[in-house]
Amino acid sequence: MFRWLFKKLFGPADLREKLLRVLAREPELWWGGLEMARAAEVPLGRIYPSIIRLENRGLVQSEWREREDFVTRRRLYQITPDGVLALQFGLDDWED
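Cut-offs used in this document
Residues numbered from 1 in each chain as written. Predicted model: local features only at pLDDT ≥ 70, side-chain atom pairs only at ≥ 80, totals over all residues. Heavy atoms only, no water. Patch = residues over 30% accessible without salt bridge, like charges linked within 9 Å, V, L, I, M, F, W, Y side chains within 5 Å. Areas by Shrake-Rupley, 256 points an atom, 1.4 Å probe, with all protein chains shown as cover. Salt bridge = Lys/Arg side-chain N within 4 Å of Asp/Glu carboxyl O. Helix = DSSP H or I, 4+ residues; strand = E, 2+ residues; numbered from the N terminus. Buried < 20%, exposed > 50% of the residue type's maximum accessible area, 1.4 Å probe, protein only. Arc of directions from axis to C-beta. Axes fitted to C-alpha atoms, helices over the stretch in contact; angles between N-to-C directions. Parallel < 35°, antiparallel > 145°, perpendicular 65-115°, else oblique. Contact = heavy atoms within 4.5 Å. Nonpolar A, V, L, I, M, F, W, Y, C, P; charged D, E, K, R; others polar.

## Focus: a nonpolar patch on the surface
Together, Leu-34, Leu-44, Tyr-48 and Ile-52 give the surface a local cluster of nonpolar side chains, amounting to about 320 Å² of exposed area. Broken down by element, the nonpolar patch gets its largest block of residues, three residues, from helix α4 (residues 44-56). Note on placement: Ile-52 falls in helix α4.

Right, here's the structure in full:
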């Protein structure tokens, strides 16, 4: 009963894994949401619940950065060493 609500709120496990794989392509880079969505080939609005879940688990980190115009900021994301290990060794609890 609650699994449906969980998937609705946090996104399916395969989407979280797909986002980690995108970030792991170049682990030293910081990615914006739009870039991640394009690389993962998913709608932009679907990635945010999943990326927040990954961040809460310590697999992704984020920070606010100023744009070149110094007027606006945007949130950027990067995979953590734990995120890289999770992809290498797999996680049995993607659905938790």
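## As for helix α3 (residues 33-40)
Inspection of α3 places Gly-33, Met-36, Ala-37 and Ala-40 among the buried residues, and these make up the whole buried set. Down the axis of α3, the sector holding all buried residues measures 100°, keeping them to one side. Just past α3, the residue Glu-41 takes up positive phi, approximately 60°.

## A closer look at the packing of helix α2 (residues 13-24) against α4
Two packed helices can be described by the angle between their axes and the distance between those axes. Their axes nearest at 9 Å, the elements α2 and α4 cross at an angle of 80°. What the angle tells us is that α2 and α4 run roughly perpendicular. Residues Leu-15, Arg-16, Leu-19, Leu-20 and Leu-23 of α2 pack against Arg-46, Ile-47, Ser-50, Ile-51, Arg-53 and Leu-54 of α4. Partitioned by chemical class, the residues of the contact of α2 with α4 number seven nonpolar, one polar and three charged.

Bear in mind that shape data such as this cannot, by itself, settle questions of function.
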